[in-house]
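Structural overview for review
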Amino acid sequence: MTSSGIQALKGTWDYVDSENIDEFMKELGVGWAMRMAAKGVKPRLIISENNGKWNIKSESTFKNISYDFTPGVEFNETTPDGREVTTIINFEDDKWVNISVDKSGKKSVIKRYVDDKDQQIIEMECGLVKARRWYKRTQ
């Protein structure tokens, strides 16, 4: 691993694979057309930090998104599928924990961390549905 804990998430990451993403998006309330479009997306993630302010960019042929955040400070965001949510991101036990709640009160929890194979693991949960994505470091 190039560095430990949260700092290890910094860098550029290419999509490797996922499991149960369609069910997760369905639980979030994402419509069929958007779920079908998302199936073919293999995003590149770029994570950086400058003086305590973090940035995550997701680049793909479908859509590019970027947002800045300060850990522990709540913010409003529009998700890639167009939902308006209130989000807070905290760093807990070497994991990036993203908690989002949409306008209807639906809550999702997304945890990011780097495993012992230097892959970024993203664990997602909404209701009783769990999904995962993993990425490999490009540099």
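Scroll up a little and you will see the structure.
Description of the structure in this document. What you are looking at is a predicted structure, and each value in this text was computed from that prediction instead of being measured. (Residues numbered from 1 in each chain as written. Predicted model: local features only at pLDDT ≥ 70, side-chain atom pairs only at ≥ 80, totals over all residues. Heavy atoms only, no water.)

Attention now goes to the pairing of strand E5 (residues 75–78). Alternating residues of E5 divide into Phe-75 and Glu-77, all buried, and Asn-76 and Thr-78, none buried. Here E5 runs beside strand E6 (residues 84–92); their pairing, made up of four bridges, is antiparallel. Its bridge partner lying in E6, Thr-78 is registered against Glu-84. Between E5 and E6, which pair antiparallel in sequence order, lie five residues; one of them, Gly-82, sits at a positive phi of approximately 95°. (Buried < 20%, exposed > 50% of the residue type's maximum accessible area, 1.4 Å probe, protein only. Helix = DSSP H or I, 4+ residues; strand = E, 2+ residues; numbered from the N terminus. Pairing = 2+ DSSP bridges.)

Quick look at the nonpolar core now. In this structure, Phe-24, Ile-47, Phe-69 and Trp-96 are the most contacted members of the largest nonpolar core, which totals 27 residues. Elements that contribute at least two residues to this core include exactly strand E1 (11–19), helix H1 (21–28), strand E2 (44–50), strand E3 (53–59), strand E4 (65–69), strand E9 (119–126) and strand E10 (129–137). Among the elements that line this core, the one with the most residues is H1, at four residues. Ignoring sequence-local partners within four residues, the contact set of Ile-47 consists of Leu-9, Lys-10, Gly-11, Trp-13, Trp-54, Asn-55, Ile-56, Trp-96 and Gln-120. (Core = buried A, V, L, I, M, F, W, Y, C linked by side-chain atoms within 4.5 Å. Contact = heavy atoms within 4.5 Å.)

A few words now on the pairing of strand E8 (residues 107–114). Two elements, strand E7 (residues 95–102) and E8, share six bridges in a ladder whose sense is antiparallel. Residue pairing for E8: Trp-96 is matched across the bridge by Arg-112. Joining the antiparallel neighbours E7 and E8 is a turn of four residues, in which Gly-105 adopts a positive phi near 95°. Pairing between E8 and E9: seven bridges, direction antiparallel. Among the inter-strand pairings, Ile-110 is bridged to a residue of E9, identified as Met-124. The hairpin turn running from E8 into E9, its antiparallel successor, is four residues long, and Asp-118 in that turn takes a positive phi close to 60°.

Keep in mind these values describe shape, not function.
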